[in-house]
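# Observations on the model geometry
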Protein chains: 2
Amino acid sequence: MHLGVFVLGTGNHIAGWRMPGAYDSFQSLPVIQHIARIAERGLFDLLFLGDGLQAGPNDHPSFTARFEPITMLAALAATTTHLGLGATMSTSYAEPFNVARFYASLDHLSSGRAAWNAVTSSNPRSAPNFGRHHPPHDARYRVAEEFVDVVMGLWDCWDDGAIVAERDTGRYIDASKMRALDHVGEFFNVKGPLNIGRCPQGRPIILQAGSSEPGLELAARTADVVFSVVQDIEEARLAYRSLKDRMPRFGRRPEEIAVLPGVMPILGRTRQEARDVLDQLQSFVNATNAASLLSSRLGVDVSGFALDDLVPDLPLPDTSHGFARAMLSKARREGMTWRDMHNLTGAARGHWVIAGTVEDIADTLQEWFETGAADGFNILPAWFPGAFDGFVDEVVPELQRRGLFRTQYTGTTLRGHLGLEMPRNRFFD
Amino acid sequence: MHLGVFVLGTGNHIAGWRMPGAYDSFQSLPVIQHIARIAERGLFDLLFLGDGLQAGPNDHPSFTARFEPITMLAALAATTTHLGLGATMSTSYAEPFNVARFYASLDHLSSGRAAWNAVTSSNPRSAPNFGRHHPPHDARYRVAEEFVDVVMGLWDCWDDGAIVAERDTGRYIDASKMRALDHVGEFFNVKGPLNIGRCPQGRPIILQAGSSEPGLELAARTADVVFSVVQDIEEARLAYRSLKDRMPRFGRRPEEIAVLPGVMPILGRTRQEARDVLDQLQSFVNATNAASLLSSRLGVDVSGFALDDLVPDLPLPDTSHGFARAMLSKARREGMTWRDMHNLTGAARGHWVIAGTVEDIADTLQEWFETGAADGFNILPAWFPGAFDGFVDEVVPELQRRGLFRTQYTGTTLRGHLGLEMPRNRFFD
């Protein structure tokens, strides 16, 4: 089983920072260093940070005032030794040459622990920060397809061993081991090569989170890890199969992608205590913040709907399909009201929440893992450090006792933790 | 006197890596961490890294395979405590919103030690990596003027104290202390606000290195530190005055910019030993590499010129004015041949080289500092760690004995080291 932790300084729950002892800032190096230390103590595969390119006073606190992800991960590279370091960088508002460099540099700084979450920017509020109009969903994915190819191509412009640094002769580079990319495409023309040598991992790990048809195709072709948004084991199994079944068409084996659903575990010594913790968290939710996030998830302004009305069938938005599909499907299945939807969004931003004892949570994760719903999980602690300490100190040992999770790191690279082979270099292998 | 160190893993001399004991990689975290430790031992104001967006096998080794600067600085933020951390990020091939975020994030990670070198990309070989045509010199500066304004405006979108994080009420942001930028300009439309709060330094320090007319105007208006390229004290004094005299027009006092000429000190126990070290370094220069760098500096292909011919008067190139002006002026003054020019470029890439004893070097720096040619220096060690160790362990104590340089850090921010006040916030002060 593979485990990631989704980091937000104020906690993943929209009001997690209001819990006693919780961190309340996402602009503090000691905070993220502490979270990373807990993750390494828990032998996690990776620490992950999403991203957004806009801020408003009613957003999730960690979306409003936050570290820029690649700088945050680079800082953690210097003070961690085993933990994979992954983050989002948009394919909509960045240049492939720059993205390839950032993550190659992080891979060198961390000696092989970098991972890039290649996503299209789903929030239309980003566009005005770049003087653009927000492109529609499928157009964003056409750009993303080419963007990812260019980035992966740039990473292949250097062969291993290109830097010879022969002091006697003065030859520094073996020029036969670096080459241009010469990409000419629909959206990008990029000559290359990159100005940083072959990565310790061959190339950084590719993360993706798309659940739409083009998102699944892109993931099946290029991803190493997929974060999924699911609320139900049956749906999770279908999504898992749908992704893995596509892989042979791209010459890949199903085990070359680890599917990690996002889950917020709420732990208690009894089920009642866990429910009480969740109730306490939910009592902290500020209706304005939750409505703002829910409107963004569903692509409609929800502030006008009556809280006690049932959630109707809504079309998938042009922003992001994953959250909307999982949440609307849960609403249909469970007859949820708008009030329930606000609570669901406030809790884990649309991700799955499980509240229970250590055994309950271990049982659930084990069932998902052993019945084709997941290869592991992206853990979303409701607040830091308490909720994460609890998972690492209580649930991880239980998973280890059951033989489901590693009891020590056996390698030092993220690729190694994931059990993935070194990738083939398209030009030199 | 203020001191910076220009970091390149293989040394600033093009063949510095061939010296005994020299580091030969610019892709190694331990290498840059060691250099940063030496800089903090020497009580330097800042560590600085230039940048380029292209690579070829005949370039300077540290330009061919190098860390991306902002990730490198973020890694150093986590393992240093006082050192200012500055780097170049291009105004030609990046978005203002992203640049503002990267450096604000670095300022938070380092608790107030970030500095952004705002430069236009001078090397035309960068353009094909971004599917663009290289814009001409003055057009690049028109973009840069607006780019810097947008970045500085984004940094001002948050007031101090905007994050209130009141646990009792659930209010996280004081919405009256964040606002949009709503910039609509010739090259950029950027709404804002930034999604990271007011910086520890108010805003990161602005570095610049332009020496052309538009470059000096931009620096006089916006820079906190200017790196200059000079080969002669008279020229340095003229350039210093030319910059400082422009500042009152922008409502600024001359002491609000620190002018730091780049200089490569070559140290020996005797003058002869220093000359021998320089000769040894020069004997390592690979003619192809030096010719490639010189062609880039002068904007003409120099490979066809006979090495023993005198350097003729050449027009300033459309790439970068600073290096070409300083080098051509030196060539005229000293009757240099193309061979001399190759050596000058190979040594310090066009920067000023002084070879001598501790006293010689201290005398020279003191004269420049006390006679209106410099407020300090950007030191370019020919190789690492040896040449930098030598400067820190021998020249710095001599400067301290003369009362020219600090004997301890008195603050923890780069702004504090530079003796600069907190900047006014255009929206909230």
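Conventions and cut-offs
Residues numbered from 1 in each chain as written. Chains lettered and ligands numbered in written order. Predicted model: local features only at pLDDT ≥ 70, side-chain atom pairs only at ≥ 80, totals over all residues. Heavy atoms only, no water. Salt bridge = Lys/Arg side-chain N within 4 Å of Asp/Glu carboxyl O. Helix = DSSP H or I, 4+ residues; strand = E, 2+ residues; numbered from the N terminus. Buried < 20%, exposed > 50% of the residue type's maximum accessible area, 1.4 Å probe, protein only. Contact = heavy atoms within 4.5 Å. Polar contact = N/O pair within 3.5 Å; in protein donor to acceptor, adjacent residues only side chain to side chain. UniProt positions renumbered as here; feature names shortened; annotations may be inferred. Buried area = accessible area lost by both parts, 1.4 Å probe. Expected span 1.5 Å × (residues − 1). Arc of directions from axis to C-beta. Pairing = 2+ DSSP bridges. Least-squares fit on C-alpha atoms with pLDDT ≥ 70 in both. Phe/Tyr/Trp six-rings, centres within 6.5 Å; stacked < 30°, edge-to-face > 60°. Lys NZ or Arg CZ within 6 Å of the ring centre and 35° of its normal. Axes fitted to C-alpha atoms, helices over the stretch in contact; angles between N-to-C directions. Parallel < 35°, antiparallel > 145°, perpendicular 65-115°, else oblique. Nonpolar A, V, L, I, M, F, W, Y, C, P; charged D, E, K, R; others polar. Left-handed = near helix turned anticlockwise from the far one by under 90°. Disulfide = S-S within 2.5 Å.

## Some thoughts on the pattern of salt bridges
- Counted by the stated rule, this structure contains 70 salt bridges over all chains.
- Of the charged contacts in the structure, one is a salt bridge between A:Glu334 and A:Lys330, with a shortest N-O distance of 3.2 Å. Of this pair, A:Glu334 and A:Lys330 are both found in helix α10 (residues 321-334), four residues apart, which corresponds to roughly one turn of the helix.
- Residue classification places A:Lys330 among the buried positions, given a relative accessible area of 14%.
- Residue B:Arg252 is joined to B:Asp224 by a salt bridge in which the shortest nitrogen-to-oxygen separation is 4.0 Å. Placement of B:Arg252 in the loop between α7 (233-246) and β9 (258-267) and of B:Asp224 in the loop between α6 (213-222) and β8 (225-228) is noted, with a sequence separation of 28 residues between them. B:Asp224 matches B:Arg252 in its accessibility class, with the two residues each being buried.
- Among the charged side chains, a network of salt bridges with common partners joins A:Arg203, A:Asp224, A:Arg252, A:Arg253, A:Glu255 and A:Glu256.

## Things to note about the environment of B:His13
Residues and elements named next belong to chain B.
- Counting through the fold element by element, His13 comes out in the loop between β1 (2-6) and α1 (29-41).
- A relative accessible area of 0% places His13 in the buried class.
- Considering only alpha carbons, one finds His13 and Leu278, 265 residues apart in sequence, at a separation of 9.9 Å.
- Beyond its immediate sequence surroundings of up to four residues, His13 is in contact with His60, Met264, Leu281, Gln282, Val285, Gly346, Ala347, Pro381 and Ala382.
- Polar side-chain contacts of His13 include one of 2.9 Å to the backbone nitrogen of Ala15.

## Focus on the UniProt feature "binding site: FMN" (unreviewed entry) in chain A
- Those places that UniProt annotates as "binding site: FMN" (unreviewed entry) correspond, in this numbering, to A:Asp51, A:Thr88, A:His137, A:Tyr141, A:Ser211 and A:Ser212.
- For A:Asp51, the location among the structural elements is in the loop between β2 (46-49) and α2 (61-64).
- At 2.8 Å, the side chain of A:Asp51 and the side chain of B:Arg101 are in polar contact.
- Relative to the helices and strands, A:Tyr141 resides in helix α5 (residues 137-155).
- Beyond its immediate sequence surroundings of up to four residues, A:Tyr141 is in contact with A:Thr120, A:Gly210, A:Ser212, A:Pro214, A:Gly215 and A:Leu218.

## Details of the interface of chain B and chain A
- Residue-level contacts link 76 residues of chain B with 75 residues of chain A.
- In total, about 5700 Å² of surface goes out of reach between chain B and chain A, with carbon and sulfur atoms giving 58% of it.
- At the surface where chain B touches chain A, the tally comes to six salt bridges.
- Between A:Glu95 and B:Arg132 there is a salt bridge, with the nearest N and O atoms lying 3.0 Å from each other.

## Concerning helix α8 (residues 271-283) of chain A
Residues and elements named next belong to chain A.
- In this model α8 runs 18 Å from its N-terminal to its C-terminal C-alpha over 13 residues, within 8% of the 18 Å that 1.5 Å per residue would give.
- Of all the positions in α8, only Ala274, Val277, Leu278, Leu281 and Gln282 are classed as buried. Projection of α8 onto a plane perpendicular to its axis shows the buried side chains occupying an angular sector of 135°, all on one side.

## Here we look at the pairing of strand β10 (residues 352-356) of chain B
All names here are of chain B.
- Residues Trp352, Ile354 and Gly356 point to one face of β10 and are all buried, whereas Val353 and Ala355, pointing to the other face, are not buried.
- Two strands pair when backbone bridges link them, and β9 and β10 are joined in this way by five bridges, in the parallel orientation. The residue of β10 that forms the bridge with Val263 is Trp352.

## Brief notes about the relation of the copies chain B and chain A
- Expressed as a screw transformation, the operator carrying chain B onto chain A has a rotation angle of 180° and an axial translation of 0.0 Å, and the superposed copies differ by an RMSD of 0.0 Å. In short, the pair behaves as if placed about a two-fold rotation axis. Every residue of chain B has its C-alpha some distance from the rotation axis, and the shortest such distance is that of B:Ala75, at 2.0 Å.

## Some details on the side chain of A:Gln54
- When you line up the elements, A:Gln54 lands in the loop between β2 and α2.
- Assessed through its relative accessible area of 10%, A:Gln54 is described here as buried.
- Reaching out from A:Gln54, the side chain makes a polar contact with the side chain of A:Ser126 at a distance of 2.6 Å.
- Setting aside anything within four residues of it in sequence, one finds A:Gln54 in contact with A:Asp59, A:Phe63, A:Asn123, A:Arg125, A:Ser126, A:Asn129, B:Phe97 and B:Asn195.

## Overview of the packing of aromatic side chains
- In the structure shown here, the tally under the stated rule is 33 aromatic pairs over all chains.
- It is A:Arg179 that lies over the ring of A:Phe427; its NZ or CZ is 3.7 Å from the centre.
- Lying across the ring of B:Phe6, B:Arg349 places its NZ or CZ 4.6 Å from the centre.

## Quick word on the packing of helix α9 (residues 287-298) of chain B against helix α11 (residues 338-348) of chain B
Residue and element names in this part refer to chain B.
- Contact geometry for α9 and α11: axes closest at 9 Å, N-to-C directions at 90°. When the interaxial angle is binned, α9 and α11 end up roughly perpendicular. Of the residues in α11, those in contact with Ala287, Ala290, Ala291, Leu293, Leu294 and Leu298 of α9 are Trp338, Met341, His342 and Thr345.
- The class makeup of the residues in the contact of α9 with α11 is eight nonpolar, two polar and no charged.

## Points about unusual backbone geometry
- Here the bond from A:Phe384 into A:Pro385 is cis, since omega is -5°, no more than 30 degrees from zero.
- The linkage connecting B:Gly192 with the following residue, B:Pro193, adopts the cis geometry, with an omega of 0°.
- Residue position: B:Pro193 is located in the loop between β6 (189-190) and β7 (205-208).
- Unusually for a residue other than glycine, A:Leu43 sits at a positive phi of about 60°.
- Tracing the sequence through the fold places A:Leu43 in the loop between α1 (29-41) and β2.
- Judged by its relative accessible area of 11%, A:Leu43 is buried.
- At B:Ser111, a position not held by glycine, the phi torsion is positive, near 55°.
- Note that B:Ser111 resides in the loop between α4 (96-109) and β4 (114-119).

## Comments concerning the packing of α10(A) against helix α11 (residues 338-348) of chain A
All names here are of chain A.
- Viewed as axis vectors pointing N to C, α10 and α11 meet at an angle of 140°, and their least axial separation amounts to 11 Å. Relative to α11, the element α10 is oriented oblique. Of the two elements, α10 crosses α11, and the hand of that crossing is right-handed. Between α10 and α11, the contacting residues are Met327, Leu328, Lys330 and Ala331 on the first element and Met341, Leu344 and Thr345 on the second.
- Across the contact of α10 with α11, the residue classes break down as five nonpolar, one polar and one charged.

## Side note on the pairing of strand β3 (residues 84-90) of chain A
Residue and element names in this part refer to chain A.
- Of all seven residues that make up β3, seven are buried, and the element is covered over most of its length.
- Burial of β3 is two-sided: the residues Gly84, Gly86, Thr88 and Ser90 facing one way and the residues Leu85, Ala87 and Met89 facing the other way are all buried.
- One ladder, built from four bridges, connects β2 with β3; its direction is parallel. Its bridge partner being in β3, Phe48 is matched across the sheet by Gly86.

## Some points on helix α3 (residues 69-77) of chain B
All names here are of chain B.
- With respect to burial, α3 is a largely interior element, nine of its nine residues being buried.
- Those residues of α3 not exposed but buried are Pro69, Ile70, Thr71, Met72, Leu73, Ala74, Ala75, Leu76 and Ala77.
- The N-cap residue of α3 is Glu68: its side-chain oxygen and the backbone nitrogen of Ile70 are 3.0 Å apart.

## Quick notes on the environment of A:Val190
- Position of A:Val190 relative to the elements: it lies in strand β6 (residues 189-190).
- On the basis of relative accessible area, A:Val190 is assigned to the buried category, the value being 3%.
- Sequence separation between A:Val190 and A:Glu95 is 95 residues; the distance between their C-alpha atoms is 9.7 Å.
- Not counting residues up to four positions away in its chain, the partners in contact with A:Val190 are A:Phe97, A:Val150, A:Leu154, A:Leu181, A:Asp182, A:His183, B:Pro128 and B:Asn129.

## Examining the state of the cysteines
- As enumerated under the stated definition, the model contains zero disulfides over all chains in all.
- Lacking any disulfide linkage, A:Cys157 is separated from the closest cysteine sulfur, that of A:Cys199, by 12 Å.

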